Every structure is written in structure tokens, then in C-alpha cells.
Amino acid sequence: MLPLRSRLYTVCDPARPIPADDDVLYVDWPAQLLATDDPKSRLANSIALGAGTAQCRFVTGHRGVGKTTELLRVKAILERGDTGRRLFAPFVSAFQWIQADDIEAKAIVFVIVRQLVTDLEGVGIGFARQRWSEFLKDLWQRLTRDIDLDKATVEAGPLSLDLVLKSSAEARREFRSLLERRLPTLYDMVNDTLQQSREELRKRGFDDIVVIVDELDKIPMAILNPDLGLTNHEQIFFHNSNILRSLGCDVVYTVPIELAYSTRRQRFQADYSAEILTVPVLPLADRAGKRNDRGHDAFLDVLRRRVEQAGGTWSDVWSDELVERLCQLSGGHFRQLFLLIRSSLERGGVPITEEALAATVRRQAIDMTLPLTEGSWALLRDVHATKRRPAEERSIFDRMLRDLYVLVYEDEAGTWYDWNPLLGEAPGQ
Amino acid sequence: MKLPRLPQRAAEVLPPPDPALPDNEVELRALCSMLTMPPGFRLAFARANHPTLRDWIISEARRRCPRLEVTTVTLDPAEPAGIVGQMEAASGEQSPGAMFVLGIERMFDLHAGRSPEIDVLNLNRDYLATRFAWPVVFLLPDFGLRELIPHAPDLWSWRSGTYAFAGEVTHAEATVTEASRDGVWELAPRERVERAEVLRHVLGELDPDDPTHREAIARAHERLGQLAAAASDHAAAEHHFASALPIYRQIGDRLGEASVLYGAGQLALAIGQPAVARQRLLAAEEIYRAIGLAEWAVRAHGLAQQAEELLVPPGAAPYER
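Residues numbered from 1 in each chain as written. Chains lettered and ligands numbered in written order. Predicted model: local features only at pLDDT ≥ 70, side-chain atom pairs only at ≥ 80, totals over all residues. Heavy atoms only, no water.

(A) Layout of the overall build of chain B. Counting its regular elements, chain B contains 14 helices and 5 strands. Of the accessible surface of chain B, which amounts to about 13900 Å², a share of 53% is contributed by carbon and sulfur atoms. Each charge class in chain B was averaged separately, 32 positive and 44 negative side chains, and the resulting centres sit 0 Å apart. (Helix = DSSP H or I, 4+ residues; strand = E, 2+ residues; numbered from the N terminus. Areas by Shrake-Rupley, 256 points an atom, 1.4 Å probe, with all protein chains shown as cover. Lys, Arg positive; Asp, Glu negative; His and termini not counted. Charge placed at Lys NZ, Arg CZ, Asp CG, Glu CD.)

Dropping the structure here:
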């Protein structure tokens, strides 16, 4: 059997979302602490209540906060029919397919259709695959006619599409152009497929379809027009909203947090008639610093389950004082918590010592502050002091929010912000 | 005005690195601890500003983890396969115990401010975890990590650990020598920016109060002055030359002193200060002659004469460019 240190290291892996059927590690603190504001419930209920009307819905949250974990749970809720309607819910990891320079609304629709076809085939609905293959074959023929590819690749057919697009910028440009011209055909095909699929899915006990598109929150923000301040985020979610709304079924999209918490939020919600739901950071205190006991209890529950899963006892792993320190340093952000635990395990054994944690914190604090400028520090100190978003320096604040230097919280008075607690541990702070 | 190639020091064969400093030892133990955790993908970043230090880290990891098959890959920005493609090619059909990835800092185009390869890597982070079932350690200099954090935030957020290593003065000297290779005008703008970054971070590691560090500090400043001059950052160039000169004088390095005076003289000529230029270049000429570098003395003299011609004689009309 592996030593406890190794077992604990494995169960604290920050890279793995908890599967929807794992109730051992999973702590449903959003339901416990937020009750009716639990984003899972709100999303699932919203989809159930919107029966008959295809709508777009949006989810945001810091990276590493548990969005994918919560969305997988939403998928399970919908597929089980817990809301009273049972829904077929393909889950799309957008960047499994899209290249970085292809992040446009039409490419997103393309990957949605691709996943939908794959998942339908998985439940025995094969006609969609046939239609999709015909569509792809048509695209492939046009693509290979217009650009130079080696003979072997051409002969391999549309199955080579991913490989070709990955390796050739010219092919990607041509593909985007082709897709643009074929969009009406794609919409007709997919909506026709959806209509027919619904009939087949009803025979299998499903009431309808919803597609969940994850990872769009990772789209790096780029300024497309400095004079107008137009970003690619706005291009995708505002200017091409008709494309994102073109599917004849419910779709859930993740949204970059810096867009969701920008001054464009109201417009966003008005354009789509949909609220952006946030998967929050675990609230450990309110903006006045008053401890949230229920948040702390949930935090301890998360740790307790990990220790038990690793086959250890609480005192084998740490002291209560060390846990309190971890709680404070995590800021309620689980990926940051697991990073601190794993790094501390690397720097010492179990039980985790204060020295190992201190060395970890120092290293993390120094490294994360490498990119910060004087201007960034000034803004961060201001946010920490006021718990508010500054009136100016929008672009710096957006980056700080995106890159986890600023964390967003909610309390009874609304949204508030604070710097990442590791910043307070940087030398000189 | 192009700066001619300055005299280069002979490449030195370095002795094996000294035993690790206590903090390097702590970092290395933590790194090896991470490498020998249960099999599976994990991501780590190790900061080391010196190529010789990075080599030492890898060789020490191999020595301390003898059962671990360690593979390395050095990324080539010209390779069309991209970062992940090169990592895949390095592992082939094998499953190494760990992979060290060098050269990711070269995938950033600091000059253009864009890094499409890093964008792709960041967005395809999940693919790394499915494709590479072993620890992946990116070994990079400080400026590389500084650039990576905002450009690849999803990748960065997945880290299991980070480690930082400080070089000995021998590492710094080797890095400065490497960064001083080639005339500045032979370098692409991107390369100049990268080398300047490396040298700035090396300076940050060196202690001006330590006599054994002074030569490396002076050489770093001198090279930074040349790079700044090539980038038309005249104020920075002046600062670095002015920083290098007293150190060279303090340590009695006459070649260095002459070299800085020559570069500073060229700078003054380029920015329309012929009197200052002439003074510096004549001083350089004198030293070159004294140390037997006749060819450089002639060059310095030639430039000094150019400066002389630009000087406005008393009573004559003001010089206009």
C-alpha cells in the first residue's frame, strides 16, 4: 500500500473534477449554504421550466472553483429527470476540438453539432451520424479542392479533418471561410436532426435535449478594435449572439468571468433574457471579515473527506491550527487549497508541518507576483482595502479577476471583491 | 549606426557545478519528491535563470531518482508541430517516468507581444493530462514564468508545485557569456529582447557587494547597454554603460573598460553628442593601445575623428542636423 502522503497527494489532485456519481469526495456546499441560490438547482430548474422554448443559459466562475464539477452534476440531474423532465444532455468540452485562432461563434456551433451527433449515436440514434458525415464530406471536398494537401491525406478523407486543421493555418482559414458559407446548411441540418432526434429520444424516455458547452470561459480576451474597445468576447457573445442562439434546443454556455462581471453584464443579460449564474468561491467570511461558520464547516468537510479517502486520520495529516491557516490562505478557492496541500506534501511528509506550509506559501506568493507591475499592485491594494471594484483601470481589473489575483464573492449585500490571500504573503506586503 | 562586434572573451570550460546551496537543495528535494509521487500526470514549473543550472537540475533529478526514466525535450519555436507536438515526439511510443521541458520561454515573442503557441497550449491543457501520464516539469527562466502566468492561466492554475533555483556565480558568468554571443546587429529583435530579459534577471541574482560577482555584473550591464542601444533605448543604454564602467575600473579589467567606453562613445555619436563621443572614444583608443589591441584602437580613433568633424568650431554657425 502506498504511504499516506502519496495517497493524500493523489486525492488532492487539482486537475480532476469530481465525477457526477462520486458522492464520497463531493460536498454539495452550494446547496447547503446557498439553498435556493445554488447555481445547479437554478440552472436545472430553469431548463425544466422553459419546456418548449429553446433558450441559452450562462454560467461563470473563477477557474478552478468547480464549474465543470457542478455542470457535470447538472447534466446528471437533467438526465435522471430530477426536475420532473428527463433531458438528453450532451456535454461539450469546447477546446477538445477548437484551435486557439478559431474561437468564433460559428466554430462553437460546429463543435456542438459534432458532440451532439456523437452522443446521439451513443444512444443508438444513428441517422444524425449519416447526415453529419455527408456534411463533413462536402466540406472536405471543398477544402481539399481549394488548398494543397498530400495525396495520402486527401485519400484518408474527412477523418483526417482534425489532423489537417491542427497542423495547417491555411487549412483552418479556408475551413472557417467554408463554414461561414455553409452555415445556413449547418443550421438546417442540425435543427432538422434535433427535431427528428426528439422523436427517437422520447422512445428512450427523454423529454427533450439540452447541450452544455464548457470551457468557453477560457477564451483569452483579445482587443479586436482598440478605438472601439471591441473585444473578441463581445464579438462572440454579443455581435454573434444570433449564431449562439441558432440551435433549436436549450444550450448552456460558460462565460469568461471578466465579461460576466464587467459593465456589460446588464446588456448581456438583457440580450439573452437570461441571468448569468455564478459558481461561487466558498464563502469563509463576509466583506467585513466576519467569519462564516457554515462556510468553515463545509471547508472542513471537504478536507475530512479527502483525509478519509486517503485512509488517514485528521491528526495523521495536520493540526487544527494548520487547517485554519490553510482555510485563510485558500480564500475559499479549492484548487488553490489543493495546490497548497500538495506542495506542502512535496516539501515535507505527514503530518504537514508549519515549516513546510510556510515554505510553500512563500514560494507560491513569490511566483504568482512575478508578472505584477506597480499599477497592478496599486489596484490590488485598493481592492483589498475597499472590497470594491475600482472605478477606473478596467482592463487591469479584468486581468486581475481572470488570473485569480482578485476573487469575487457574494454576500447578503451583493457582490464584493478581495485580493487573493496569497498576495498578502508576498515579501514586502 | 551599426555597432561593430566587440572583442569577445574566450569561452571557458566550466568546472562541474558546486554542491547545491541549501535553498537549492531544499527545492531539489521537493522537486524529486513530486517526481516520485504515484504515477500519473502532474504539472510543475521550475525557475532557473541559467542553462547550466537547468542542466544540473535534470542531471541531479536523474541521479536522485534512479528508477525514474527521465526524458527531456527542448522546444524549438521554428518547429511547426507546436509545443505539444514536440513533447509527443520526444516521448514517442514510450511512457517515461517524467519529462522535463526546456525552452518554453522561446515560444513567447516578447518583441511582438503575442504568443499563439502558448495560447494553444493553454486551451489544450486537458489534452496534456490525457496524453501524458507522467509528471511534466517546465524548466524556465524567471521571465519565462512571468510571461506564462498571464498568457497560460489555465495551465498555470493546474500546477502541482513550483520550485526556484538560484545560480552560483559560475552559472551567471556562463549565462552572461551565452547572452553576449553574437553581435547585437546579428540578432533578430525578438532575440535581443529575450537576451535582455535573461541578463536583467541574472543581474537580480548577483550581489554587487560580493567581489566575486563584479565581473559578471559589469559584463551583464555592458551587454544590456549594447542591446538597449540597438533598440534605440538610449537612456537605458547610457544607464547600463555608466553602471558597467566603474565596476570594470574597480576590478582592473581594462578590456572591459575600453569596450564600454567604445560602446558609450558610439551611443553618444548616435544621439548627437559629438563632444562626449570624442572624449569617450579617445579614452577607449588609449586603453586599446595600452593592452595591445591595435585594430580596435584604430577603430576607436576613426570614430573619434568622426565626432571631431561634427564639433562646431568657436564662432562658426550652429550645427544643424
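There's more to say after this.
(B) Looking closely at the overall build of chain A. Along chain A, the regular secondary structure elements total 20 helices and 10 strands. For 429 residues, the compact-globule formula gives about 22 Å, and the C-alpha radius of gyration of chain A, at 24 Å, lands near that figure. Expressed along its principal axes, the backbone C-alpha trace of chain A runs to roughly 65 × 50 × 45 Å. For chain A, the proportion of its 429 residues judged to be buried stands at 57%. Look at the contacts in chain A between residues 6 or more apart in sequence, and 70% of them connect residues 24 or more apart. (Rg over C-alpha atoms; globule rule 2.2 N^0.38 Å. Buried < 20%, exposed > 50% of the residue type's maximum accessible area, 1.4 Å probe, protein only. Contact = heavy atoms within 4.5 Å.)

(C) Structural detail: the packing of aromatic side chains. Residue and element names in this part refer to chain B. As enumerated under the stated definition, the model contains 23 aromatic pairs over all chains in all. Taken together, a centroid distance of 6.1 Å and an interplanar angle of 55 degrees make the contact between phenylalanine 41 and tryptophan 158 tilted. A residue pair is termed long-range when its members are at least 10 positions apart, and phenylalanine 41 in the loop between α1 (22-35) and β1 (42-47) and tryptophan 158 in the loop between α7 (153-157) and β5 (159-164) qualify at 117 residues. Judged by its relative accessible area of 5%, tryptophan 158 falls in the buried class. (Phe/Tyr/Trp six-rings, centres within 6.5 Å; stacked < 30°, edge-to-face > 60°.)

(D) Just the side chain of serine 157 of chain B, in detail. For serine 157 of chain B, the position within the fold is in helix α7. Among residues more than four places away in sequence, those in contact with serine 157 of chain B are Arg63 and Arg335 of chain A together with Arg125 of chain B.

(E) The arrangement of the interface of chain B and chain A in detail. Opposite the 32 residues of chain B that make contact, chain A presents 33 residues. Ranking the residues of chain B by area buried against chain A places Met37, Leu123 and Arg159 of chain B at the top, with a combined share of 21%. In this structure, glutamate 27 of chain B engages arginine 363 of chain A in a salt bridge whose closest nitrogen and oxygen atoms are separated by 3.6 Å. Between chain B and chain A we count 13 residue pairs in polar contact (both at pLDDT 80 or more) in total. Among the secondary structure elements, those contributing two or more residues to the side of chain B that touches chain A are α1, β1, α4 (116-123), α5 (125-131), α6 (142-151), α7 and β5 of chain B. (Buried area = accessible area lost by both parts, 1.4 Å probe. Salt bridge = Lys/Arg side-chain N within 4 Å of Asp/Glu carboxyl O. Polar contact = N/O pair within 3.5 Å; in protein donor to acceptor, adjacent residues only side chain to side chain.)

(F) Fine view of unusual backbone geometry. Here the amide bond leading from valine 350 of chain A into proline 351 of chain A is cis, since omega sits at -5 degrees, within 30 degrees of zero. You can see proline 351 of chain A is positioned in the loop between α17 (334-347) and α18 (354-368).

(G) Local environment of the side chain of threonine 162 of chain B. Checked against the element boundaries, threonine 162 of chain B lands in strand β5. Non-local contacts of threonine 162 of chain B, meaning those with residues more than four positions away in its chain, are made with Arg347, Arg363, Gln364 and Asp367 of chain A together with Glu27, Phe45 and Trp156 of chain B.

(H) Examining empty space enclosed by the protein more closely. Across all of its chains, the model carries 7 cavities of 30 Å³ or more by this definition. In terms of lining residues, the largest cavity is bounded by 15 residues, among which Gln336 and Leu404 of chain A together with Trp156, Ser157 and Arg159 of chain B are the most central. Counting residues per element, the ones that place at least two in the lining of the largest cavity are α17 of chain A together with α7 of chain B. Looking at the lining of the largest cavity, its residues break down into 7 nonpolar, 4 polar and 4 charged. (1 Å grid on protein atoms, 1.4 Å probe; cavity = no way out; pocket = protein on both sides within 12 Å on 5 of 7 lines; lining within 4 Å. Points joined across faces, edges and corners; volume = space filled by probe spheres on them. Nonpolar A, V, L, I, M, F, W, Y, C, P; charged D, E, K, R; others polar.)

(I) Molecular detail of the packing of α6 of chain B against helix α9 (residues 189-205) of chain B. Residue and element names in this part refer to chain B. Running from N to C, α6 and α9 point in directions that differ by 115 degrees, and their axes come no closer than 8 Å. The angle between the axes of α6 and α9 places the two elements in the roughly perpendicular class. Counting all contacts with α6, which are made through Asp142, Phe143 and Arg146, the residues of α9 involved are Glu194, Glu197, Val198 and His201. Looking at side-chain class alone, the contact of α6 with α9 contains 2 nonpolar, 1 polar and 4 charged residues. (Axes fitted to C-alpha atoms, helices over the stretch in contact; angles between N-to-C directions. Parallel < 35°, antiparallel > 145°, perpendicular 65-115°, else oblique.)

(J) Examining the pattern of salt bridges more closely. A full pass over the atoms with the stated rule returns 60 salt bridges over all chains. Salt-bridge contacts for arginine 73 of chain A lead to aspartate 23 of chain A; the nearest nitrogen and oxygen are separated by 2.9 Å. Of this pair, arginine 73 of chain A sits in helix α4 (residues 67-80) while aspartate 23 of chain A sits in the loop between α1 (4-11) and α2 (29-34); the two residues are 50 residues apart in sequence, bridging distant segments of the chain. Looking at aspartate 23 of chain A, the relative accessible area reads 53%, which means it is exposed. Between glutamate 105 of chain B and arginine 54 of chain B there is a salt bridge whose closest N-O contact spans 3.9 Å. Residue glutamate 105 of chain B is found in the loop between β3 (98-102) and α4, and its partner arginine 54 of chain B is found in helix α2 (residues 51-64); the two are separated by 51 residues along the sequence. With relative accessibility at 8%, the residue glutamate 105 of chain B sits in the buried group. By relative accessible area, arginine 54 of chain B is classed as buried at 8%. Several salt bridges converge on common partners, so that one network encompasses Arg347, Arg363 and Asp367 of chain A together with Glu27, Arg47 and Asp142 of chain B.

(K) Broad picture of the layout of surface pockets. Residue and element names in this part refer to chain A. Reported here for the second largest pocket is a volume of approximately 730 Å³. Taken together, 26 residues line the second largest pocket, and the ones lying closest to its centre are Leu34, Pro283, Glu410, Asp411 and Glu412. Those elements that provide at least two residues to the lining of the second largest pocket are α2, α3 (39-49), α13 (265-272), β8 (276-278) and β9 (406-411). Its residues assigned to classes, the lining of the second largest pocket comprises 12 nonpolar, 3 polar and 11 charged.

(L) Expanded view of the state of the cysteines. Residue and element names in this part refer to chain B. Tallied over the full model, the rule gives 0 disulfides over all chains. The structure places no disulfide on cysteine 32, whose sulfur is separated from the nearest cysteine sulfur, that of cysteine 65, by 3.8 Å. Looking at cysteine 32, the relative accessible area reads 9%, which means it is buried. By relative accessible area, cysteine 65 is classed as buried at 5%. (Disulfide = S-S within 2.5 Å.)

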